[in-house]
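Residue-level structural notes
Listed below are the residues making up each chain.
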Amino acid sequence: MTATVANPLERLTEVLGDDMGRVNALIRERMASENAPRIPEVTAHLIDAGGKRIRPLLTLAAARVCGYQGDAHVKLAATVEFIHTATLLHDDVVDESGQRRGRPTANLLWDNQSSVLVGDYLFARAFQLMVEPGNLRALSILSNAAAVIAEGEVLQLSAAQDLATDEATYMKVVRGKTAALFSAATQVGPVIAGADETVVQALFDYGDALGICFQIVDDFLDYGGAGAEIGKNLGDDFRERKLTLPVIRAIAMADAEERAFWERTLGKGVQNDGDLERAMAILTARGTLESTRQTALDWADKAQAALSALPAHPMRAMLVELAQFVVRRAS
């Protein structure tokens, strides 16, 4: 008897299990290195940490909903996961993180040099894989996404600790560092399936909105959720002095005393015991945690609305449920 599957992401993983098994096998094959054994060691530490694999699943789902019958979607899904894993390795070095998915980060277990260089290796592997299907448009979509992700990360670096950062800049960062890979993952599926342009655009719009929702929910949970929910410590964004949506909104409404608090803790990085709790109290009092949650719900609605252009298909309903599930984490 098949066990009851608890949530839409697990259901999607079960339905796409055969394809996802091929993706995982391909990832293991391509992360190998005869000359540098540290590469598979570092990569396996992160890949085996139990990540949701939501991005490659989106590529597989988008191809299936369009009736794709080939095998290029497996290589493109593995490409997406390699790009994502490479960015995580680099992010943990930049953010000086000590925990990822509930485990010590690679840079903590090995060193920064290993994390950066293995991340570079995975980017190179991703480009090898994305070329193999021989679809120039899919190659263009994924290579452009890789550039946009890097641009978003640099923008975040320059916007961090700058209390003048506004919501427009925040959205540019989110679209770059998170939504770009989501939308690329969903767009390449219909492209390799030769789907109508309205379907290609609809799945791009779905991935874009889902990625924005996903990041906003993570930013909300950093102040309002449990560490286990997001695979990192509660308050990491505060300690790393990141200007995320609830904080940006709170700064915009701050009185003189609150402004001084944000200047000291985020602008100058002088943080004392109890500051995280005070930050959370300010966000709650100003209502910015609740408004951030509502913004995430709005983006989930946009993601679901985009799917109305798709043909009737069981996978379409699962993608709708996935958007609902992503935002449900912030309930």
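Our subject is the structure that appears above.
Figured I'd write up the structure that's included with this text. (Residues numbered from 1 in each chain as written. Predicted model: local features only at pLDDT ≥ 70, side-chain atom pairs only at ≥ 80, totals over all residues. Heavy atoms only, no water.)

**Remarks on the packing of helix 4 (residues 54-65) against helix 17 (residues 314-328)**
It is at 9 Å that the axes of helix 4 and helix 17 come closest, and there the two elements cross at 150°. Viewed along their axes, helix 4 and helix 17 adopt a mutual orientation that is roughly antiparallel. Once helix 4 is placed against helix 17, the crossing between them reads as left-handed. Residues Ile54, Leu58, Ala61, Arg64 and Val65 of helix 4 lie in contact with helix 17, whose contacting residues are Met315, Arg316, Leu319, Leu322 and Val326. (Axes fitted to C-alpha atoms, helices over the stretch in contact; angles between N-to-C directions. Helix = DSSP H or I, 4+ residues; strand = E, 2+ residues; numbered from the N terminus. Parallel < 35°, antiparallel > 145°, perpendicular 65-115°, else oblique. Left-handed = near helix turned anticlockwise from the far one by under 90°. Contact = heavy atoms within 4.5 Å.)

**Focus on helix 10 (residues 197-224)**
Between the first and last C-alpha of helix 10 there are 40 Å, a value that for 28 residues agrees with the 40 Å anticipated at 1.5 Å per step. Among the 28 residues of helix 10, 22 are classified as buried, and the element is accordingly described as predominantly covered. (Expected span 1.5 Å × (residues − 1). Buried < 20%, exposed > 50% of the residue type's maximum accessible area, 1.4 Å probe, protein only.)

**A word on the nonpolar core**
Membership of the largest hydrophobic core comes to 97 residues, with the highest contact counts inside it found for Leu58, Tyr206, Leu210, Trp262 and Leu322. When residues of this core are assigned to their parent elements, the largest contribution, 15 residues, is made by helix 10. Not counting chain neighbours up to four residues away, the residues in contact with tryptophan 262 comprise Leu163, Phe238, Val247, Ala250, Ile251, Ala254, Gly267, Ala279, Ile282 and Leu283. (Core = buried A, V, L, I, M, F, W, Y, C linked by side-chain atoms within 4.5 Å.)

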